[in-house]
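The primary structure of each chain is shown beneath.
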Amino acid sequence: MLDRRSLLAALAALPLAPALVRGARAAEPGVVRIGYQKNGILVVAKQQGIIEKRLEPLGQSVRWVEFSFGPPLLEALSLDGIDFGQTGDAPPIFAQAARANLVYAAAQEAGGSGAGILLPKASAIQSLAELKGKRVAFAKASSAHNLTIAALEKAGLSYADITPVTLAPADAAAAFARGSIDAWTIWDPYFAIAEQGEGVRVLARASDITPQNNYFLASRPFAETRAPVLQAVIDALGDVAAWCTQNRGAVADLLSQGTGVPLAATRRAVDRTDYVIGPMNDRVAAEQQRIADRFHALKLIPKPIRIADAVWTAPARNG
């Protein structure tokens, strides 16, 4: 069995894309540039070529661009490096606060539930309240950032009660392996990989702390000028989501092949994912607004934002 050091070294060695990868190019007529991460519906769609098939009658092709986590993906979206992508709950809030010209095109409720807070197995920490005074690592402006804050609130602690250590997943894995942080908040597939380690213990899971929704986002110019193309992408992903729900074993195989993440960890992540895509309803928007208000109250974003200002309304369908 892998010990903690070996496991986290393996995590750190996973191939991760830099903040703005070479595949993020300027817009081209007839090309939809899609940003994706190492997990979820977009990877399945990429492996199956579903979006390409749906867009072909519209004279559109797809360019795929990989990112290590949400904030760099949305940075590329705001700089016209991609047209469309998926992230967790926090990245679009930070992006909107930074005046990124984006819209929420669809939501995957509870899609980010495969996340949690990890400890070294020998850690004396037994409860969320015992994170007080500890060094807790997470990726800044990511869903793990929000999960960390929600966990502290659940325990009656404030953000000031911990020492935040903001690190990208690979860097956090290395810091965890060195013992230079006390806890690590992370999402799948990294969370699923780490759970299998003999030297790692799960302090809390996202499902026990707060809802974690995922979002499909588009640049506002893309949504406004190519709305039928965006709708076709969302429709295709709805079909992929329905297939994923009925074929979880095949989903795990596709994801493992497409990302290089070990199959056992991928199966663990797939088994706890809710593959349902829908429009931005009032409930989802309200939850996202609550998170935005939380970040503003903590002065983590410079001004209040309105999620409703960034919700895309799909054009009416003919017939």
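These remarks concern the structure in this document. From a predicted model like this one, the values you see are computed outputs, not experimental measurements.

**Some words on the sheet that holds strand S4 (residues 102-108)**
A sheet is described by the order of its strands in space; here five strands give the open sequence S2-S1-S3-S10-S4, paired in mixed fashion. Only two strands of the sheet have a single partner each, and these edge strands are strand S2 (61-66) and S4. Across this sheet, the average inter-strand angle for adjacent strands is 25 degrees, counted without regard to direction. Pairing geometry for strand S3 (residues 84-87) and strand S10 (residues 214-219), over four bridges, is antiparallel. Across the sheet, Phe84 pairs through a bridge with Ala218, a residue of S10. Sheet contacts for helix H5 (residues 90-97): S3, S4 and S10; angle to S4, the most-contacted strand, approximately 165 degrees.

**Side note on the environment of Ala286**
By the secondary structure assignment, Ala286 is in helix H13 (residues 282-297). Judged by its relative accessible area of 46%, Ala286 falls in the partly exposed class. A sequence separation of 21 residues divides Ala286 from Ile307, and the C-alpha atoms of the two residues are 8.2 Å apart.

**So, the side chain of Thr148**
Here Thr148 lies in helix H6 (residues 143-154). In this structure, Thr148 is in contact with Val136, Phe138, Ile162 and Thr185, ignoring residues within four places of it in sequence.

**With respect to the packing of helix H10 (residues 227-246) against helix H11 (residues 248-259)**
It is at 5 Å that the axes of H10 and H11 come closest, and there the two elements cross at 115 degrees. What the angle tells us is that H10 and H11 run roughly perpendicular. Here Trp243, Cys244, Thr245 and Gln246 of H10 lie close against H11, whose contacting residues are Arg248, Ala250, Val251 and Leu254. When grouped by side-chain class, the residues that make up the contact of H10 with H11 number five nonpolar, two polar and one charged.

Parameters and conventions
- Residues numbered from 1 in each chain as written.
- Predicted model: local features only at pLDDT ≥ 70, side-chain atom pairs only at ≥ 80, totals over all residues.
- Heavy atoms only, no water.
- Pairing = 2+ DSSP bridges.
- Helix = DSSP H or I, 4+ residues; strand = E, 2+ residues; numbered from the N terminus.
- Axes fitted to C-alpha atoms, helices over the stretch in contact; angles between N-to-C directions.
- Contact = heavy atoms within 4.5 Å.
- Buried < 20%, exposed > 50% of the residue type's maximum accessible area, 1.4 Å probe, protein only.
- Parallel < 35°, antiparallel > 145°, perpendicular 65-115°, else oblique.
- Nonpolar A, V, L, I, M, F, W, Y, C, P; charged D, E, K, R; others polar.

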